[in-house]
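# Structural features, examined
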Amino acid sequence: MTRNRIRIAIAKGRIATEASDLIKESGFDLDEVFNSRKLRLQNKLGSYELILLKASDIPLYVQEGAVDVGIVGKDTVIESNHLVYELCELDMAYCTLCLAGPIEPVKLENGVKVATKYPRLAQQFLTDRGIKAEILSLSGSIEIAPLINLSDYIVDLVQTGDTLRENGLVVYDTFLKIRPLVIVNPISYRTKAVAVRNFIKICERYGVT
Amino acid sequence: MTEITQFLERSGYNQIQTPLILNHTHSMPFMTVETQQKQVKLQGLNGEMLALRGDSTIALILCGVVKNIDPSSTHRIYYDEPNFYQDFDKRVIAEVRQVGVEIISNQNETDFVEVLGLAIAIAQKVCGPQILVEISHATLLKQVINRIADDDAKKYEALLYYLNRKNTREALKQLNDSSSFDTVKIMIEELLTTPKSLDECIYRLASLNTIASIELIESFQPILNWLTNIQSEIKGMLSEDFGTVSMHFDPALIIDKPYYTGETFKIYDTKRHVNIITGGTYRFDTYDVNGCGFSIKYD
């Protein structure tokens, strides 16, 4: 990558879809981005290279400098704890990190079992409330855990709440509003300053005010 | 690296070797929690927790090389050896070979500018003229943040976390109840989040300090005083020995070594987009040792 050209990674799925206007404004052909099988795409001016990655991988790619800028959920950035700069928060793909459980819940107290894909965030959430919980780290289908007595509660991202309702779960507390963050490699921030800041200016037009 | 070690020898630095294996319990207080976790640990014959050398400066202090130094003298030393750590992302024990330089004494004076000059000279030998130098002062920054946080430990930790990540939005959220919100907001947005040249920093800090003095905020005065002093020393050093060097100040420069208690610096190769040298001044109270040093990694 030259000083004037940066590599950008966007999380596949909902964030990439909702960021389509931003992708278009950055000079990419949306048809090529969403309908081709290309893994690396150039914008019209040749100033940006775009790659679509699994969300959980993006903070590592950015920290290591394999990509200069990443767009990924705040939950993923906090959970990964990689050293990246968080320069902008986008006003899209909104969801909330919640504590949920069965309609008749176990008392929320020390020793309670909580299943989650976000062990670091869940720990922080419960510690802030003075509760020493047993955190069970899972990789998916979290809603099933309290239904088959693996856990008493779950900490998970909620968009509409439909999945929780369909599984007989209720939100008991909300913790963190999650939106995509634009994260930057600390060295690229310095050595590719102009290109990075030009892209951040585009992102800020879609940013939270 | 031979060219560099020869250069160090010519500059009056003597080679030493630090121990490969350290007592982990003794080295822990000088490391962040993350660095402690990355240590390659071993169990000693008597059940004690040992670790492979992960930081040559700590190894140097713990091994007692500087234990009985002459109070009136200063030691100029260098090492050329590997450090080891667990790379959890790549799931390997990583070996990083590096040349390190230290000036140590048990006097309070440490020669930051001499060490910085040496680091710039080495960086230019390795990368050519295209380097970017950033300096900061870890202790002053923490003092400023503590004042902004009104001595509230939780707010202090949150501010430090977000400033280190240049997340202005979240940092400002921590200040919602601050009586001097507007001035502090300007200070954070204008200064703490973007590295700037030394001249520009001093100009901006002086302007902000005028506003701050009206609101009786003295937070930034220590940084302004330090920057003004260091700027003139660095300018003298650069004009004597070097060509044009991009020199920036970034208060939130992150150096992951808690024993750095004063000035710190990082040098970047702007052509290859890598950080090549990290260094700074330190004090080990337990061992009554002051020093200033840096290291450069190589394959």
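Everything below is about the structure shown above.
Since we're looking at a predicted model, the values are computed, not measured. (Residues numbered from 1 in each chain as written. Chains lettered and ligands numbered in written order. Predicted model: local features only at pLDDT ≥ 70, side-chain atom pairs only at ≥ 80, totals over all residues. Heavy atoms only, no water.)

## Let's talk about the packing of helix α6 (residues 138–148) of chain B against helix α7 (residues 153–164) of chain B
Residues and elements named next belong to chain B. Two numbers describe how α6 lies on α7: the axes approach to 9 Å, and their chain directions differ by 125°. By the criterion of interaxial angle, the relationship of α6 to α7 is oblique. In this structure, the crossing between α6 and α7 has a hand that is right-handed. Two secondary-structure elements touch here, α6 through K142, I145, N146 and I148 and α7 through Y156, L159, L160 and L163. (Axes fitted to C-alpha atoms, helices over the stretch in contact; angles between N-to-C directions. Helix = DSSP H or I, 4+ residues; strand = E, 2+ residues; numbered from the N terminus. Parallel < 35°, antiparallel > 145°, perpendicular 65-115°, else oblique. Left-handed = near helix turned anticlockwise from the far one by under 90°. Contact = heavy atoms within 4.5 Å.)

## Here's the deal with the interface of chain B and chain A
Listed per partner, the contact involves 27 residues of chain B and 25 residues of chain A. In total, about 2,000 Å² of surface goes out of reach between chain B and chain A, with carbon and sulfur atoms giving 46% of it. One can count 5 salt bridges joining chain B with chain A. Between E89 of chain A and R169 of chain B there is a salt bridge; the shortest N-O distance is 3.1 Å. The interface formed by chain B and chain A contains 9 residue pairs in polar contact (both at pLDDT 80 or more). Elements that contribute at least two residues to the side of chain B that touches chain A include exactly β7 (131–137), α7, α8 (168–173), β10 (260–269) and β11 (274–284) of chain B. It is α7 of chain B that provides the largest number of residues to the side of chain B that touches chain A, a total of 4 residues. For the side of chain B that touches chain A, a count of residues per class yields 8 nonpolar, 8 polar and 11 charged. (Buried area = accessible area lost by both parts, 1.4 Å probe. Salt bridge = Lys/Arg side-chain N within 4 Å of Asp/Glu carboxyl O. Polar contact = N/O pair within 3.5 Å; in protein donor to acceptor, adjacent residues only side chain to side chain. Nonpolar A, V, L, I, M, F, W, Y, C, P; charged D, E, K, R; others polar.)

## Side note on the sheet that holds strand β3 (residues 41–43) of chain B
Residue and element names in this part refer to chain B. Pairing is antiparallel in the open sheet, where 3 strands are placed in the order β2-β4-β3. The two strands at the open ends of the sheet, each matched to only one other strand, are β2 (21–23) and β3. Averaged over neighbouring strand pairs, the angle between their axes works out to 40° when direction is ignored. Summarising the sheet, β3 and strand β4 (residues 49–52) pair through 3 bridges and their orientation is antiparallel. Along β4, the bridge assignment pairs K41 with A51. (Pairing = 2+ DSSP bridges.)

## Some thoughts on the nonpolar core
Among the nonpolar cores identified, the biggest contains 61 residues, and I120 and I135 of chain B are the most heavily contacted of them. For this core, the element with the most residues is helix α5 (residues 112–127) of chain B, which contributes 11 residues. Of all hydrophobic cores here, the second largest spans 41 residues; its members include I10, I58, L90 and M92 of chain A. (Core = buried A, V, L, I, M, F, W, Y, C linked by side-chain atoms within 4.5 Å. Buried < 20%, exposed > 50% of the residue type's maximum accessible area, 1.4 Å probe, protein only.)

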